[in-house]
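Tertiary structure, described
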Protein chains: 2
Amino acid sequence: MPTTEKNKTKKQLIREAAARLFRDKGYPATSMRDLADAVQLRASSLYNHISSKEEILKDICFGNAQRFLAVMEEVEQMEGSVTEKVMALLRLHIRTATEDLTSVTAFNDEWRHLTEPHLSEFKALRKNYEGRFQAIIEEGIRSGEFQAVEPAIALHTLFSAVRWLYDWYKPGKKITAEVLEEQVGGLLMKGLGRK
Amino acid sequence: MPTTEKNKTKKQLIREAAARLFRDKGYPATSMRDLADAVQLRASSLYNHISSKEEILKDICFGNAQRFLAVMEEVEQMEGSVTEKVMALLRLHIRTATEDLTSVTAFNDEWRHLTEPHLSEFKALRKNYEGRFQAIIEEGIRSGEFQAVEPAIALHTLFSAVRWLYDWYKPGKKITAEVLEEQVGGLLMKGLGRK
């Protein structure tokens, strides 16, 4: 089936509806029927867009992994201080968590429902990303830009801090997405910094 | 039924096994049968200790809420700087997340399965705790100990940062519970501080 613009949009809508259902009911309890209802399609029409619940989960997880790895690639090549690099990655995490509902599926626990070999592949991508992020933190510690913390503690504290954004953040007049990015990123970078 | 020491211990074991099952399978998918198997009891004997799955969930959620509110009470009365107060609360969060498996149920999403009126009561306790925590942060901003961030952003960033500890932290030689407490707490307090 050729991927037309309209199909793409529909597919993205399906992905988002699926992510919302996975978040609210969990992946195991979500049926193709629930999903069809959520996007107002007949179950039979839904199958024109996707072949299974697992296909959506795979799509979401690998789509997010690729996006993060692509930015990591850019950041690694970037000129600039380690502080700027980590801040660029934090912005990515914050922006993704607030703007893209599907990221919740990949960030949190639903990816555990992938079956093999996809589960191992996805874990390897996460591990790759985490290892490269930690290497940047280690560079900052060696160069004296960052405090002498355990790199793994710093890494996971940053990740965790931005992981629950979807759970409490609702865009508002006072706390816009920009304010959020500056303040959450700023607080964490100041915490990590040596000065 | 009188609460003997032995009963208490058994009950705590049941609570921990339940928390582990809720975390791994989710509350809805966990059966009393699973729980009986996990604590190596016959289902009929399990009912000598607890009357239902919901009773355990309630026990766990309200037990954790009371523990946090009791420490909040102490912290509010404490002499000392706002920085010391927030650090004392962070230590509580970190220690609880790493030492008490049942806290995961209450911190994360399983409490959503409480039924009314318990759900509303539990939400009210959480809200009360969050409000008092935020008031301490606001005091620190007013007094100039903390940066001029949005208090809600600071609050949720601290909470989130320590919420996923159970997910990545395994006590080890290098990263002991004390190192973890000092470094995670230290990073966040430095981030929040004005200097």
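Thresholds applied
Residues numbered from 1 in each chain as written. Chains lettered and ligands numbered in written order. Predicted model: local features only at pLDDT ≥ 70, side-chain atom pairs only at ≥ 80, totals over all residues. Helix = DSSP H or I, 4+ residues; strand = E, 2+ residues; numbered from the N terminus. Buried ≥ 20, exposed ≤ 12 C-beta atoms within 10 Å, placed from the backbone. Contact = placed C-beta atoms within 7 Å. Least-squares fit on C-alpha atoms with pLDDT ≥ 70 in both. Nonpolar A, V, L, I, M, F, W, Y, C, P; charged D, E, K, R; others polar. Axes fitted to C-alpha atoms, helices over the stretch in contact; angles between N-to-C directions. Parallel < 35°, antiparallel > 145°, perpendicular 65-115°, else oblique. Left-handed = near helix turned anticlockwise from the far one by under 90°. Expected span 1.5 Å × (residues − 1). pLDDT = per-residue confidence, 0-100.

Re the overall build of chain A
- Of regular secondary structure, chain A possesses 10 helices and zero strands.
- Going from the N terminus to the C terminus, chain A shows its helices and strands as α-α-α-α-α-α-α-α-α-α.
- In terms of overall dimensions, chain A has a C-alpha envelope of 60 × 45 × 30 Å along the principal axes.
- Among the 195 residues that make up chain A, the fraction classed as buried is 31%.
- Long-range contacts, defined as pairs at least 24 residues apart, comprise 69% of the intrachain contacts of chain A with a sequence gap of at least 6.

Points about the relation of the copies chain A and chain B
- When chain A is fitted onto chain B, the two copies agree to an RMSD of 0.0 Å after a turn of 180° and an axial shift of 0.0 Å. Taken together, the rotation and translation relating the two chain copies correspond to the operation of a two-fold axis.

As for the interface of chain A and chain B
- Across the boundary between the two partners, chain A contributes 26 residues, which contact 26 residues of chain B.
- Elements represented by at least two residues in the side of chain A that touches chain B include exactly helix H8 (151-163) and helix H10 (177-192) of chain A.
- For the side of chain A that touches chain B, the per-class residue count stands at 16 nonpolar, six polar and four charged.

Some thoughts on the environment of Leu69(A)
Residues and elements named next belong to chain A.
- By the element assignment, Leu69 lies in helix H4 (residues 53-77).
- The sequence separation of Leu69 and Glu121 amounts to 52 residues, and the corresponding C-alpha distance is 14 Å.
- Each residue touching Leu69, except ones within four places of it in the same chain, is listed here: Leu125 and Tyr129.

Regarding unusual backbone geometry
All names here are of chain A.
- With an omega of 5°, the peptide bond between Glu116 and Pro117 qualifies as cis.
- With respect to the helices and strands, Pro117 occurs in the loop between helix H6 (102-107) and helix H7 (118-143).
- Not every positive phi belongs to a glycine, and Gln40 is a case in point at roughly 50°.
- In this structure Gln40 comes out as exposed when scored by C-beta crowding, with 9 C-beta atoms within 10 Å.

Digging into the packing of helix H5 (residues 82-99) of chain B against helix H10 (residues 177-192) of chain B
Residue and element names in this part refer to chain B.
- Between H5 and H10, the least distance of the axes is 10 Å, while the angle of their chain directions is 135°. By the angle class used here, H5 and H10 are oblique. The handedness of the crossing between H5 and H10 is right-handed. Across the interface between the two elements, Thr83, Val86, Met87, Leu90, Arg91, Ile94, Arg95 and Thr98 of H5 pack against Ala177, Leu180, Glu181, Val184, Gly185, Leu188 and Met189 of H10.

Some points on helix H7 (residues 118-143) of chain B
Residues and elements named next belong to chain B.
- For H7, with 26 residues, the first-to-last C-alpha span of 38 Å sits near the 38 Å given by 1.5 Å per residue.
- Of all the residues in H7, the buried ones are Phe122, Phe133, Ile137 and Gly140.
- Summarising the contacts, the buried residues of H7 are in contact with helix H4 (53-77), H5 and helix H8 (151-163).
- Just beyond H7, the residue with positive phi is Gly144, at close to 85°.

Overview of the confidence of the model for chain A
All names here are of chain A.
- Averaged over every residue, the pLDDT of chain A is 88; residues scoring 70 or more account for 95%.
- When mean pLDDT is compared element by element in chain A, H7 scores highest at 95, while H6 scores lowest at 74.
- Among the scores for the predicted complex, ipTM is 0.82 and pTM is 0.85.

Regarding the packing of H4(B) against H7(B)
All names here are of chain B.
- In contact at an axis separation of 10 Å, H4 and H7 are set at 25° when each is read in the N-to-C sense. In terms of orientation, H4 and H7 fall into the roughly parallel class. In this structure, H4 crosses over H7, and the sense of that crossing is left-handed. Each of Lys58, Cys61, Phe62, Ala65, Phe68, Leu69, Met72 and Glu76 in H4 lies in contact with H7, whose residues at this interface are His118, Phe122, Leu125, Arg126, Tyr129 and Arg132.

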